[in-house]
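# Understanding the architecture of this molecule
These are the residues of each chain, in order.
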Amino acid sequence: MAAPSHPASHPLPGRRTDTLREFHWTRDRHGRITALCEEAVAAQPAVRSLAHYSSGILDFAVCAAGRSPLSGLIAEPDEELQDEALPGSRLLLCTQDLGAALRPLGTGELMRTVVANARGGLWGGRIKPGEFLAALTDDPHGVRPMDAAMNRLTTRIRVDVHSLPDELPGGAPEAGPVLRAGGSPESLLRVDFGTGAGPDTGTEARLRDLWHRHVDDVDLQYAAYYRDWTLVCAGDTFDSPALGPRFIDVSVRTRRTAYRDLSRVLRGHLARLTDALHLVAPATDGHPPLDRLVLDVQEGAVYVLWVSPREFVIGVTLDQLRVAPAEHRLRRLVREVRGLSGGRGTDGTDGVGEPRDLTARPAR
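The model shown is predicted, which means the values in this text are computed figures rather than measured ones.

Calculation notes
- Residues numbered from 1 in each chain as written.
- Predicted model: local features only at pLDDT ≥ 70, side-chain atom pairs only at ≥ 80, totals over all residues.
- Heavy atoms only, no water.
- Phe/Tyr/Trp six-rings, centres within 6.5 Å; stacked < 30°, edge-to-face > 60°.
- Helix = DSSP H or I, 4+ residues; strand = E, 2+ residues; numbered from the N terminus.
- Buried < 20%, exposed > 50% of the residue type's maximum accessible area, 1.4 Å probe, protein only.
- Core = buried A, V, L, I, M, F, W, Y, C linked by side-chain atoms within 4.5 Å.
- Contact = heavy atoms within 4.5 Å.
- Pairing = 2+ DSSP bridges.
- Salt bridge = Lys/Arg side-chain N within 4 Å of Asp/Glu carboxyl O.
- Polar contact = N/O pair within 3.5 Å; in protein donor to acceptor, adjacent residues only side chain to side chain.
- Axes fitted to C-alpha atoms, helices over the stretch in contact; angles between N-to-C directions.
- Parallel < 35°, antiparallel > 145°, perpendicular 65-115°, else oblique.
- Left-handed = near helix turned anticlockwise from the far one by under 90°.
- Nonpolar A, V, L, I, M, F, W, Y, C, P; charged D, E, K, R; others polar.

Attention shifts here to the packing of aromatic side chains. Where two aromatic rings form a pair, the distance of their centres and the angle of their planes describe that pair. Going through the model one piece at a time under the given rule, you end up with 7 aromatic pairs. Note on Tyr-226 and Phe-312: the rings are 5.1 Å apart at their centroids and 15° apart in plane angle, and the pair reads as stacked. One end of the pair, Tyr-226, is in strand β9 (residues 222–227); the other, Phe-312, is in strand β13 (residues 311–317), with 86 residues separating them in the sequence. You'll find Tyr-226 and Phe-312 in the same group, each marked buried. Judged by centre distance (5.3 Å) and plane angle (55°), the rings of Phe-238 and Phe-247 are tilted. Members of the aromatic cluster, joined through ring pairs, are Tyr-222, Phe-238, Phe-247 and Tyr-259.

Right, dumping it as structure tokens:
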């Protein structure tokens, strides 16, 4: 790989940034996109750096000026661009395989991935086929603002540079959290228990009640709880008449089975995701390697939220407009599951930290 050119420092409004370019970078091909990336990093302190890729090749990275070396790397002279881009490069390689695993579900291409723990996170996204962005934050409170900033940047490049429509990464900005007291009518909800549930019928009844209150046919249409990678319970509203059009190409049975098998797929990729994340946000003793994983496809999203180092919940929405409210609903479910299991939050608290606003995407 060609060595990067000398960094260019840009006094844009906000903080200062450094732009590191590969030698194949040209103003005609990359200039407008680079300027938009510089503007985004300057405006959002949570973003430590972002990198742009074309056809799998790193083009440039925009970084906050004056940053410290990544804690998970031994810095090498003249390798600043490759070092800063390495976590995102590893994430994007992993998302290619995850995207292929999700494709048979019939919900479109994987276009946004968020991997986070209590110390920071990574973001990877597709602008269009063959063109990708990756970003990272080493700020414990920076994942959600980074996510929102990168979603806006992706849309801005698609619309303003490529004249493509908004794919709504992160969901529709006007779709606020749904705070209904109840979830689905019992007739719409199917709940099954796995071998991880054990013989305690009282626990089963409490879990069934939680799924009834939090899983619905509007936002969060599927949720499954695992302990030590063994299914405890899974529930969905896939049989709801309102979801009928979602199953024209893929049957309810096929999709239900595929989502239950998804834990095995994720387990195979967890080490790679963890390796990428820990270059930016090293693990903390007593915490799971990840707190949160979001796989945002063109028609909805898959979420994985950890209850404790041994437990996690997978959630699914099939509606791209409701991606943010569905995660909000899943976080409420995870908090109550944690209360049943006696676990503590991955941030050391008794609950899942709530974002102030899951949907804010200011106008471009």
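From this point, the discussion proceeds with the structure in view.
Judged by nonpolar contacts, the single largest core of 45 residues is most densely connected at Cys-37, Leu-50, Leu-133, Leu-153 and Trp-211. Ranked by residues supplied to this core, first place goes to helix α6 (residues 323–341) with 6 residues. In this view, Leu-50 contacts Cys-37, Val-41, Phe-60, Ala-61, Val-62, Leu-133, Ala-134, Ala-135, Met-150 and Leu-153; residues no more than four positions away in its chain are not counted.

Most of strand β7 (residues 131–137) sits inside the fold, with 6 of its 7 residues counted as buried. Of the strand pairs in this sheet, strand β3 (residues 49–54) and β7 are connected by 6 bridges, and their pairing is antiparallel. For Leu-50, the partnering residue across the bridge sits in β7 and is Ala-135. Two elements, strand β6 (residues 120–128) and β7, share 7 bridges in a ladder whose sense is antiparallel. The partner of Trp-123 across the bridge, within β7, is Ala-135. What sits between β6 and β7 in their antiparallel hairpin is a turn of 2 residues, with Gly-130 showing a positive phi close to 90°.

Another aspect to go through is the environment of Ile-57. Relative to the elements of secondary structure, Ile-57 occurs in strand β4 (residues 57–64). We classify Ile-57 as partly exposed; its relative accessible area is 45%. Put simply, Ile-57 and Phe-132 are 75 residues apart on the chain and 9.7 Å apart in space, counted from C-alpha to C-alpha. The contact partners of Ile-57, leaving out residues within four places of it in the chain, are His-24 and His-52.

For the rest of this paragraph, the subject is the pattern of salt bridges. As enumerated under the stated definition, the model contains 29 salt bridges in all. Across the salt bridge formed by Asp-138 and Arg-48, the nearest N and O atoms sit 3.1 Å from each other. With a gap of 90 residues between them, Asp-138 in the loop between β7 and α3 (143–161) and Arg-48 in the loop between α1 (27–43) and β3 connect regions that are remote in the sequence. With a relative accessible area of 6%, Arg-48 lands in the buried category. Between Asp-228 and Arg-310 there is a salt bridge, with its nearest N and O atoms 2.6 Å apart. Of this pair, Asp-228 sits in the loop between β9 and β10 (230–236) while Arg-310 sits in the loop between β12 (300–308) and β13; the two residues are 82 residues apart in sequence, bridging distant segments of the chain. Each of the salt bridges in this network shares a partner with another, and the network as a whole consists of Asp-18, Arg-48, Arg-67, Glu-80, Glu-84 and Asp-138.

Here we come to the side chain of Arg-292. Inspection of the secondary structure puts Arg-292 in strand β11 (residues 292–297). Within the structure, Arg-292 has its side chain in polar contact with the side chain of Glu-327 (distance 2.6 Å). Discounting chain neighbours no more than four positions away, the residues touching Arg-292 are Arg-112, Val-114, Val-115, Ala-116, Val-143, Arg-144, Asp-147, Val-304, Leu-305, Trp-306, Glu-327 and Arg-331.

The next subject is the packing of α1 against α3. Helix packing for two helices is described by the angle between their axes and how far apart those axes are. Between α1 and α3, whose axes approach to 11 Å, the crossing angle comes to 150°. One way to sum up the angle between α1 and α3 is to call them roughly antiparallel. Pair α1 / α3 crosses with right-handed handedness. In this structure, α1 contributes Arg-32, Ile-33, Leu-36, Cys-37, Glu-39 and Ala-40 to the contact, and α3 contributes Leu-153, Arg-156, Ile-157, Asp-160 and Val-161. Residues belonging to the contact of α1 with α3 are distributed by class as follows: 7 nonpolar, no polar and 4 charged.

Read these as layout, nothing more, since geometry by itself doesn't imply function.
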